[in-house]
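Single-letter residue listing:
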Amino acid sequence: MTDNTITCTDFYSLEENIIHNFTSNKKPEILAHTLKVKDNALALAKRFVIDYEQAKTAAFLHDISTLIPVEHYIPMAEALDLEIFAVERENPYLLHQRISRIVAVETFNIVDKEVLNAINCHTTLRKNASNLDKLLFLADKLSWDSKDTPAYMPLVKKAAEVSLDNAIKCYFENLMLNKDKIKTPHPWLLEAWEEIHNT
Ligand SMILES: [Fe+2]
């Protein structure tokens, strides 16, 4: 199912495999982001007593599908019988979270469901999110460093000193205040927001 641009070599560690894949495919910026997400994930895991290995594995693999051309996402999702939301048809990049999960299973032989679930919703979160889902979602957001990074991210970082839920609430509240910038929110994000908003 996944294409040959992504490889997993048994005698490499997961980190070495990730570095090799992004380097040989000339994606240094995504490699730098991935390593930053790993650092943030481990810092959050330490702070909130979440399994280190799960946090590290999820972080390393969360964006692995970005090595596959985005035009392949819809055909791949259709072949796998995944439900494809209208917003994902409009913006197939949103499928990269679910395609990364597929690559983690098929190419990296990851079987830990908690790790796979976290990868699967790292962009949008979901309702009934686990602590690992929340950790990866936040680690990803806290690792943005482009000119498009929202101005409120320092507030989210501060809130993450208290709890994962505080940080996610802070992120969603600010996101919704600026929701004119989001054309169509992903349904999983709306469900996660409603759940957190009502707690
Ligand atoms: Fe991502």
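None of the values given here were measured: they were computed from a predicted structure.

K.L.:
How would you explain the environment of Thr66 if you had to name every residue and give the values?
P.N.:
The topology assignment puts Thr66 in the loop between helix H3 (52-61) and helix H4 (73-79). Residue Thr66 is classed as partly exposed on the basis of its 19 C-beta neighbours within 10 Å. Once the C-alpha coordinates of Thr66 and His96 are considered, the two residues, 30 residues apart in sequence, prove to be 6.6 Å apart. Residue contacts for Thr66: discarding those within four places in its chain leaves Ile30 and His96.

K.L.:
How would you explain the nonpolar core if you had to name every residue and give the values?
P.N.:
A general feature of soluble globular proteins is that nonpolar side chains tend to end up buried together. Within the largest apolar cluster, 47 residues are counted, with the highest numbers of intra-cluster contacts made by Ala41, Ala58, Leu135, Leu136, Leu138 and Ala139. Tallying contributions element by element places helix H8 (residues 131-141) first for this core, with six residues.

K.L.:
Requested: an account of the environment of Val156, with residues and values cited.
P.N.:
Note that Val156 resides in helix H9 (residues 153-159). By the C-beta count within 10 Å, which is 22 here, Val156 ends up buried. Spatially, the C-alpha atom of Val156 lies 30 Å from that of Ile84, the residues being 72 residues apart in sequence. Contacts of Val156, omitting those with residues within four sequence positions, involve Lys141, Leu142, Ala167, Cys170 and Tyr171.

K.L.:
Outline the packing of H3 against H8, supporting the account with residue identities and numerical values.
P.N.:
Pairs of packed helices are described in terms of their axes, by the angle between the two and the distance that separates them. Close contact between H3 and H8 brings their axes to 10 Å; oriented N to C, the two are set at 45°. Here H3 is positioned oblique relative to H8, judged by the angle of their axes. The way H3 lies across H8 gives a crossing that is right-handed. Facing Gln54, Ala55, Ala58 and Ala59 of H3, the residues of H8 in contact are Leu132, Leu135, Leu136 and Ala139. Looking at the contact of H3 with H8 residue by residue, the classes come out as seven nonpolar, one polar and no charged.

K.L.:
Go over the packing of H8 against helix H10 (residues 164-177), please, and point to the residues and values.
P.N.:
Across the interface, H8 lies against H10 with an axial gap of 10 Å and an inter-helix angle of 50°. One finds that H8 runs oblique with respect to H10. The handedness of the crossing between H8 and H10 comes out as left-handed. Here H8 contributes Asn131, Lys134, Leu135, Phe137, Leu138 and Lys141 to the contact with H10, which in turn contributes Leu164, Ala167, Ile168 and Tyr171.

K.L.:
Give me H10: which residues, what numbers.
P.N.:
Its 14 residues place the ends of H10 20 Å apart at the C-alpha level, agreeing with the 20 Å of an ideal helix rising 1.5 Å per residue. Taken together, the buried positions of H10 are occupied by Leu164, Ala167, Ile168, Tyr171 and Phe172. One side of H10 carries all its buried residues, which in axial view fall inside an arc of 125°. On its buried face, H10 sits against helix H2 (28-48), H8, H9 and helix H11 (187-197).

K.L.:
How would you explain unusual backbone geometry if you had to name every residue and give the values?
P.N.:
At Lys26, a position not held by glycine, the phi torsion is positive, near 55°. Tracing the chain through its elements places Lys26 in the loop between helix H1 (14-24) and H2. Judged by local crowding, Lys26 falls into the exposed class, with 8 C-beta atoms found within 10 Å. Positive phi values are uncommon outside glycine, yet Asn128 reaches one of about 55°.

K.L.:
Talk me through H8; I want residue IDs and the actual numbers.
P.N.:
For H8, the buried fraction is high: ten of the eleven residues fall into the buried class. Inspection of H8 places Leu132, Asp133, Lys134, Leu135, Leu136, Phe137, Leu138, Ala139, Asp140 and Lys141 among the buried residues, and these make up the whole buried set. Where the residues of H8 are buried, they touch H2, H3, helix H7 (113-120), H9 and H10.

Here is what the cut-offs are and how they apply
- Residues numbered from 1 in each chain as written.
- Predicted model: local features only at pLDDT ≥ 70, side-chain atom pairs only at ≥ 80, totals over all residues.
- Helix = DSSP H or I, 4+ residues; strand = E, 2+ residues; numbered from the N terminus.
- Buried ≥ 20, exposed ≤ 12 C-beta atoms within 10 Å, placed from the backbone.
- Contact = placed C-beta atoms within 7 Å.
- Core = buried A, V, L, I, M, F, W, Y, C linked by C-beta atoms within 7 Å.
- Axes fitted to C-alpha atoms, helices over the stretch in contact; angles between N-to-C directions.
- Parallel < 35°, antiparallel > 145°, perpendicular 65-115°, else oblique.
- Left-handed = near helix turned anticlockwise from the far one by under 90°.
- Nonpolar A, V, L, I, M, F, W, Y, C, P; charged D, E, K, R; others polar.
- Expected span 1.5 Å × (residues − 1).
- Arc of directions from axis to C-beta.

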